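# A closer look at the structure
Listed here are the chains, written in short residue letters.
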Amino acid sequence: MEKFENRVYLASPTMHGEEQMYIKEAFDTNWVAPLGKNVNEFEKETAKYVGCKDAAALVSGTSAIHLAVKLAGVERGDIVFCSDLTFAATVNPVLYEGGIPVFIDSEKETWNMNPKALNAAFEKYNGKELPKPKAVIVVNLYGTPAKLDEIKHICDKNGVTLIEDAAESLGAKINDKQTGTYGKYNILSFNGNKIITTSGGGMLLSDDEEAIKKARFWATQSREDFPWYEHKEIGYNYRLSNITAGIGRGQLLHLDEHISLKKAIYERYKEGLADLPVVMNPYMENSEPNFWLSCFLIEEGCKTTPDMIREKLAEYNVESRPIWKPMHMQPIFKEDDFITNGDCVDEAIFARGLCLPSDIKMTPEQQDIVMEMMKSCF
Ligand SMILES: *Cc1c(COP(=O)(O)O)cnc(C)c1O
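The paragraphs below set out a description of the structure included in this document. All values reported here derive from a predicted model rather than from experimental measurement.

## With respect to the site of the ligand
Around the ligand sit 16 residues, and of these Gly-61, Thr-62, Glu-168, Ser-189 and Lys-194 come closest. With respect to the ligand, the backbone of Gly-61 contributes an N or O atom lying 2.7 Å from an oxygen atom. In isolation the ligand offers 380 Å² of accessible surface; the protein chains occlude 93% of this area. The element that contributes the greatest number of residues to the shell around the ligand is helix H3 (residues 61–71), accounting for three residues. Looking at side-chain class alone, the shell around the ligand contains five nonpolar, eight polar and three charged residues.

## Looking at empty space enclosed by the protein
The final tally for this structure, using the stated rule, is one cavity of 30 Å³ or more. A volume near 90 Å³ is recorded for the largest cavity. Along the wall of the largest cavity there are 15 residues; nearest its centre are Ser-12, Thr-14, Lys-194, Ile-195 and His-258. Tallied by class, the residues present in the lining of the largest cavity amount to five nonpolar, seven polar and three charged.

## Focus: the packing of helix H10 (residues 306–315) against helix H12 (residues 364–375)
Orientation of H10 relative to H12, taken along the N-to-C sense of each, is 135°, at an axis distance of 9 Å. What the angle tells us is that H10 and H12 run oblique. At the point where H10 passes H12, the crossing takes the right-handed sense. Of the residues in H12, those touching H10 at Ile-309, Lys-312 and Leu-313 are Val-370, Met-373 and Met-374. Residue composition of the contact of H10 with H12, grouped by class: five nonpolar, no polar and one charged.

What counts and what doesn't
Residues numbered from 1 in each chain as written. Predicted model: local features only at pLDDT ≥ 70, side-chain atom pairs only at ≥ 80, totals over all residues. Heavy atoms only, no water. Near = heavy atom within 4 Å. Polar contact = N/O pair within 3.5 Å; in protein donor to acceptor, adjacent residues only side chain to side chain. Areas by Shrake-Rupley, 256 points an atom, 1.4 Å probe, with all protein chains shown as cover. Helix = DSSP H or I, 4+ residues; strand = E, 2+ residues; numbered from the N terminus. Nonpolar A, V, L, I, M, F, W, Y, C, P; charged D, E, K, R; others polar. 1 Å grid on protein atoms, 1.4 Å probe; cavity = no way out; pocket = protein on both sides within 12 Å on 5 of 7 lines; lining within 4 Å. Points joined across faces, edges and corners; volume = space filled by probe spheres on them. Axes fitted to C-alpha atoms, helices over the stretch in contact; angles between N-to-C directions. Parallel < 35°, antiparallel > 145°, perpendicular 65-115°, else oblique. Left-handed = near helix turned anticlockwise from the far one by under 90°. Contact = heavy atoms within 4.5 Å.

Here's what the structure looks like:
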């Protein structure tokens, strides 16, 4: 096999042309800044697609999580339950506000927050010896919905705010309900490698229109309604620009197409790798992931390691990546609590899993070659 001339990526931006039309309109009307029609329309169009009443377009998914954490009222010393198997950006905003994360292990069926472990966490942090949490942040890993109905039910029962980090799962559904609608506050990311991108950006969504108004206020330096600059609260410079929002409007037109291409990639891996001792990242039968990243887990006891495959692919100019290293294993969070329901599922997924190239510009022929490379490692 020959090395690919052009690198095959995990996930890279795929542009279609309409993006430039919206950018051009912003230039032609000189609405380059501040805010403007693209921002307003991008918020409306995304909120409508997802099924939330309102949305605030922001510079990143991380800033959206930060404002969600503030809206949930997290203050210094407050506990926040967080998915353990995720990107650090899920958790860092808790620390921005002085909160203390407690990490919740995953279940095998979706690789997401285990409702049983979440229940155990609520039993431990019950407001007696240990304080109750202020919020729960749940992630839909790699575009696969968590058991969101159960998780929402547990949060409601305990009277705790649910924040859904849907950064990776835009367009994924349970039955016909989209992810990004289960939390009181929900966030999306439009970072370069996500299912659609604005080059960089994010969004906060909620049915609480007052909360979104407040988020927009914080995101524009908390400027009070005075002729001069009057400030009563800490502010941030978190709004998305009218140019990048134009990219988002163009991308949104192609979201469903991106999802079906991602799904085809997942299906081809599933079929093509069926003879290997591996399983693809699983999902619930009643759910429809957006298949952002195809991943697999090597069966226990197999001599082949994810690193062997990753290095092999790298030789041929193909990108792959280890699964997110669990937060409870990260040096920065080593003092923080971790709740599991028996065996530590996240450590096993991290040890034996790998994210496979899932770029929608990868052709079926290229994918076949990639799979041949993988097979040669077993
Ligand atoms: C990408 C990502 C984020 C952060 O989004 P940015 O737009 O990069 O700030 C947060 N959480 C998860 C799970 C992500 O994958």
